[in-house]
Amino acid sequence: MNELPGDQIESWRSVAEGWARQREALWRATRALSERMVELLDPRPGERVLELAAGSGDTGFLAAARLGPEGRLLSTDAAPEMVAAAVRRAEELGLTNVELSVVDAAATGLPGASVDGALCRFGVMLVPDCDAAARELARVVRPGGRVVLAVWAEARGNPWLSAVGRAALELGLIERPTPDEPGPFRLADPGRLRRLVEEAGLRVDVLEDAEVTWRAASLDEWWAIAQDTSQLVRTLAARLGEAGLATLREHAAGGLRAHARPDGSLVVPGKARVVLAGRG
Ligand SMILES: C[S@@+](CC[C@H](N)C(=O)[O-])C[C@H]1O[C@@H](n2cnc3c(N)ncnc32)[C@H](O)[C@@H]1O
């Protein structure tokens, strides 16, 4: 295993259990996006497909179902607890063509040109050196192979994800992130995304927007998901104490009330960007 960037991975390790707890809710909102990613990747029986920053693994597992018994999915993540959750999920699904391991997206240790295709959903923008992660994808995919990435579009189009950060900023709890800081919206600009892919040596074949719809029975349910999955909520919770956290929640909830229905449930639109890239 390669040396992993310590703090960055520690914070993902700390939310891995929460991500596993909320797996179904996250998957309900994002499954259609993963289906589109796998459609673009077009995995064929017998191929080897790599997934980077796989989290609980579900996107790659959709691809695994198309690889057949001779094919292989290499499902990887830098956080051992995320990989453990993906192992449990692969077992639940009865998948037998998946290898799971702890791998840093910026330095996989895999031989060059050793996979036919690669997937990375909501991962590349979180790697400290995201350009290195893109170059790594270009290196490990064989000539003629395909890479499919998904990133979040702009924060204002993703209130489900951005409400807490916006509230924390407005309350003076955090400083505005610098443009190239690892974070969900770092690659939202399509020009920056295209540059990342092309400078890594890949050809952009498709760059499209994809709608994501988040649903929760109530603001309380949204907050429970945020507490389980958001590193920012976790970090601030440790700092703020109960009253401060309640203020943060109230402020953040204000950004979502426009999406509440009369029964109190939430239907919140979101937007991702998907790239299909080819190695010439
Ligand atoms: C936002 S989650 C996305 C998980 C999954 N791909 C999904 O779409 O549900 C980001 C994932 O990236 C992983 N990650 C963060 N930094 C990484 C790195 N340097 N190398 C590999 N994985 C990393 C985290 O452990 C976490 O599982």
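Here the structure is a predicted model, which means the values were calculated and not measured. (Residues numbered from 1 in each chain as written. Predicted model: local features only at pLDDT ≥ 70, side-chain atom pairs only at ≥ 80, totals over all residues. Heavy atoms only, no water.)

Looking now at helix H2 (residues 23-41). The end-to-end C-alpha distance of H2 is 23 Å, clearly below the 27 Å that 19 residues give at a rise of 1.5 Å each. The axis of H2 is deflected most strongly, by about 55°, at Thr30. Within the sequence span of H2, burial applies to Arg23, Ala25, Leu26, Trp27, Ala29, Thr30, Leu33, Ser34, Met37, Val38, Leu40 and Leu41. At the C-terminal side of H2, Asp42 shows a positive phi close to 55°. (Helix = DSSP H or I, 4+ residues; strand = E, 2+ residues; numbered from the N terminus. Expected span 1.5 Å × (residues − 1). Bend = angle between axes of the 7 residues up to and from the residue. Buried < 20%, exposed > 50% of the residue type's maximum accessible area, 1.4 Å probe, protein only.)

In the contact formed by helix H8 (residues 219-229) and helix H9 (residues 231-254), the axes pass within 11 Å of each other and the chain directions differ by 160°. In terms of orientation, H8 lies roughly antiparallel with respect to H9. As for how H8 packs across H9, the hand of that crossing is right-handed. For the pair H8 and H9, contact is made by Leu219, Asp220, Trp222, Trp223, Ala226, Gln227 and Thr229 and by Gln231, Val233, Arg234, Leu245, Leu248, Arg249, Ala252 and Ala253, respectively. (Axes fitted to C-alpha atoms, helices over the stretch in contact; angles between N-to-C directions. Parallel < 35°, antiparallel > 145°, perpendicular 65-115°, else oblique. Left-handed = near helix turned anticlockwise from the far one by under 90°. Contact = heavy atoms within 4.5 Å.)

Within the secondary structure, Ser75 is located in strand S2 (residues 72-77). Ser75 gets classed as buried once you look at its relative accessible area, which sits at 2%. Ser75 sits 43 residues away from Ala32 along the chain, and the two C-alpha atoms are 20 Å apart. In contact with Ser75, not counting residues within four places along its chain, are Glu51, Ala54, Gly57, Phe61, Val98, Glu99, Leu100 and Ser101.

For the rest of this paragraph, the subject is the side chain of Asp228. Along the chain, Asp228 falls in helix H8. Other than its neighbours up to four places away in sequence, Asp228 contacts Val15, Gly18, Trp19, Arg21 and Gln22.

Relative to the elements of secondary structure, Arg186 occurs in the loop between helix H6 (159-170) and helix H7 (190-199). According to the relative accessible area criterion, Arg186 is buried, its value standing at 9%. In terms of polar contacts, Arg186 uses its side chain to reach the backbone carbonyl oxygen of Pro128, at 2.7 Å. Here the side chain of Arg186 touches Asp180 through a polar contact of 3.0 Å, landing on its backbone oxygen. (Polar contact = N/O pair within 3.5 Å; in protein donor to acceptor, adjacent residues only side chain to side chain.)

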